[in-house]
2 protein chains.
Amino acid sequence: MSEDGIRILLVDDHPIVRAGLAALINGHGDMRVVAEAQDMDSALRAVACHRPDIVLMDLNLGAAEHSGAEITAAIRDKPSRVLVLTTYQTESDILRALDAGASGYLLKDAPAEELFAAIRATARGETVLSPAIASTLVRRSSRPGPTVTEREVEVLELLARGLGNKELAKEMLVSEGTVKAHLAHIYTKLGVDTRAGAVAAAIERRIIRPT
Amino acid sequence: MSEDGIRILLVDDHPIVRAGLAALINGHGDMRVVAEAQDMDSALRAVACHRPDIVLMDLNLGAAEHSGAEITAAIRDKPSRVLVLTTYQTESDILRALDAGASGYLLKDAPAEELFAAIRATARGETVLSPAIASTLVRRSSRPGPTVTEREVEVLELLARGLGNKELAKEMLVSEGTVKAHLAHIYTKLGVDTRAGAVAAAIERRIIRPT
DNA sequence: TTCGGCATCATCCGATCGGCCAATCTTTGC
DNA sequence: GCAAAGATTGGCCGATCGGATGATGCCGAA
């Protein structure tokens, strides 16, 4: 890795963004884009084929079936390290990605220099988080206020897809009463009183991400 | 403009994406990024100050108050031409931008070459649309299926914000009965039977955009 | 001009939702 | 081991929602 710099695999579904990032990265002597992928399947193949040091992955993969966290998990045991680059900072996304084994989580809001620093740090084996991300996580753990449960996030995500209580119950394999209990908790925690309002508030607070 | 190539103003709220696009564009001899802006206000100032030939604008400006179409309208009478570069292709966004006077509408899904071609074409005074965009517009006009009304789109957008029927009525300055009528029409057109489902379907069909 | 689409409004009724109360069971942590 | 928190379920009731139906006015196309 040291002779030709940090070898990077770019994963993003937007060719234009990909080309931009590649141009940006290749302008630096100590790192190089060795492959690109536009979806999860080709990303997996590229990892196996090119053995990059770092997978720079845009989690905002449009209407992807794979949750992005999935792929991170699939790559985790390979020698490559995954650096997630995304637009959103929903609690569920961050936690899911980190749980899956991502070595870093960066927001596109960050300045370009931060990206390079993050790439180098990740290559050194360190774990990198955007300041905004870090503060989100800190806020999460040290907030006296209401914290939505994992299960409640599930409910919110299904809610955003327009399911009714019966459907919610069937989907989550619980009774309708349980669903209503979760909903009641969510309502009080978010300070709303309708399902639609809950979805709006959840999106507002970046608890879930709009479909 | 001809001595130093096409002068471009980049507008995008993500520094990383901006840096990537700048690196990409500046790699071409016949075009150059002369200024960058991360929000609408600084974009307007930059237009007045640098007089770019083209404003390459990312409409996907996070939680922007300004609709993006607004700014396009504000720039329109200046000598600069606006080329919109975005992720989404909702009917309302496209039509709004074109109505506002954008000279082009490109999806990030497009290959990078298409971006350069679009920049050059826009500089020549032509109007450019992504193939996907064009087909969306064509589909819109030649589709036998259900077409949601302007008013119904309004309802859908408010619906996505979690309002109840009473609130809907107050917001739209009509009676609750009218709201329910609109809802009924929307349900049959989208093939759903709940407000949440309608929101999901509307987002799915790119009629509205998740907030 | 006539027909159809759109927006507007109203009423009735069954289904669903949201609020309130109470209970059991598992996990987590002190 | 015990307390706290989360997940689970049940029932009751008023409020809201969704479906069906009908009616009016406006405007553009045939």
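Note: the structure precedes this text.
Now for a description of the structure that goes with this document. Owing to the predicted nature of the structure, the values given are computational and were not obtained by experimental measurement.

## Description of the relation of the copies chain A and chain B
So, step 1. It takes a turn of 180° to lay chain A on chain B, together with a shift of 0.0 Å along the axis; the resulting RMSD is 0.5 Å. On the angle and the small slide along the axis, the relation comes out as a two-fold axis. Within chain A, glycine 20 of chain A has its C-alpha nearest the rotation axis, a separation of 1.9 Å.
So, step 2. A symmetric contact is evident, with 97% of the interface residues of chain A recurring at the interface of chain B.

## Some thoughts on the protein's contact with DNA strand D
So, step 1. Taken together, 17 residues surround DNA strand D, and among them Thr149, Arg151, Ser175 and Thr178 of chain A together with Lys180 of chain B come closest.
So, step 2. Put simply, 81% of the atoms of DNA strand D that lie within 4 Å of the protein are in sugar or phosphate.
So, step 3. The contact in question runs from a phosphate oxygen of DNA strand D to an N or O atom on the side chain of arginine 151 of chain A, over 2.9 Å.
So, step 4. In the model, a phosphate oxygen of DNA strand D is placed 3.0 Å from a nitrogen or oxygen of the arginine 195 of chain B main chain.
So, step 5. Put simply, the parts of the chain that give the surface near DNA strand D at least two residues each are helix H9 (176-190) of chain A together with helix H8 (165-172) and helix H9 (176-190) of chain B.
So, step 6. Looking at which element gives the most residues to the surface near DNA strand D, the answer is H9 of chain A, with four residues.
So, step 7. A breakdown of the residues in the surface near DNA strand D according to their chemical character gives four nonpolar, eight polar and five charged.

## Re the side chain of serine 103 of chain A
Residue and element names in this part refer to chain A.
So, step 1. With respect to the secondary-structure elements, serine 103 resides in the loop between helix H4 (91-100) and strand S5 (104-107).
So, step 2. By relative accessible area, serine 103 is classed as buried at 8%.
So, step 3. Among the polar contacts listed, one links the side chain of serine 103 to the side chain of arginine 81, at a separation of 3.3 Å.
So, step 4. Residues contacting serine 103, with those up to four places away along its chain left out, are Arg81, Val82, Thr122, Glu126, Thr127 and Val128.

## Side note on the interface of chain A and chain B
So, step 1. Counting from both sides, the interface comprises 31 residues of chain A and, opposite them, 31 residues of chain B.
So, step 2. Counting the surface lost from both chain A and chain B, the interface buries some 2,300 Å², and carbon and sulfur atoms represent 72% of this.
So, step 3. The largest contributions to the chain A side of the interface with chain B come from His14, Ile16 and Lys108 of chain A, which together make up 26% of the buried area.
So, step 4. Applying the counting rule to chain A against chain B returns three residue pairs in polar contact (both at pLDDT 80 or more).
So, step 5. Per-element accounting of the side of chain A that touches chain B gives the leading share, eight residues, to helix H1 (residues 15-26) of chain A.
So, step 6. Residues that form the side of chain A that touches chain B fall into these classes: 21 nonpolar, six polar and four charged.

## Quick word on the sheet that holds strand S3 (residues 54-58) of chain A
All names here are of chain A.
So, step 1. Strand order in the open sheet formed by six strands is S2-S1-S3-S4-S5-S6, and the pairing between neighbours is parallel. Each of the sheet's edge strands pairs with one partner strand only, and the pair in question is strand S2 (31-37) and strand S6 (128-129).
So, step 2. In this structure, strand S1 (residues 6-11) lies alongside S3, joined through four bridges in parallel fashion. When the sheet's bridge partners are listed, leucine 9 is paired in S3 with valine 55.
So, step 3. Most of the contacts of H1 go to S2, to which it runs at about 160°, and overall it touches S1, S2, S3 and strand S4 (81-86).

## Here's the deal with the pattern of salt bridges
All names here are of chain A.
So, step 1. One pass over the full model with this rule turns up twelve salt bridges over all chains.
So, step 2. A salt bridge links glutamate 126 to arginine 124, with the nearest nitrogen and oxygen atoms 3.0 Å apart.
So, step 3. Judged by its relative accessible area of 57%, arginine 124 falls in the exposed class.
So, step 4. For lysine 189, the salt bridge identified is with glutamate 152, shortest N-O distance 2.8 Å. Of this pair, lysine 189 sits in helix H9 while glutamate 152 sits in helix H7 (residues 150-160), and the two are 37 residues apart along the sequence.

Cut-off values and rules
Residues numbered from 1 in each chain as written. Chains lettered and ligands numbered in written order. Predicted model: local features only at pLDDT ≥ 70, side-chain atom pairs only at ≥ 80, totals over all residues. Heavy atoms only, no water. Least-squares fit on C-alpha atoms with pLDDT ≥ 70 in both. Contact = heavy atoms within 4.5 Å. Near = heavy atom within 4 Å. Polar contact = N/O pair within 3.5 Å; in protein donor to acceptor, adjacent residues only side chain to side chain. Helix = DSSP H or I, 4+ residues; strand = E, 2+ residues; numbered from the N terminus. Nonpolar A, V, L, I, M, F, W, Y, C, P; charged D, E, K, R; others polar. Buried < 20%, exposed > 50% of the residue type's maximum accessible area, 1.4 Å probe, protein only. Buried area = accessible area lost by both parts, 1.4 Å probe. Pairing = 2+ DSSP bridges. Axes fitted to C-alpha atoms, helices over the stretch in contact; angles between N-to-C directions. Salt bridge = Lys/Arg side-chain N within 4 Å of Asp/Glu carboxyl O.

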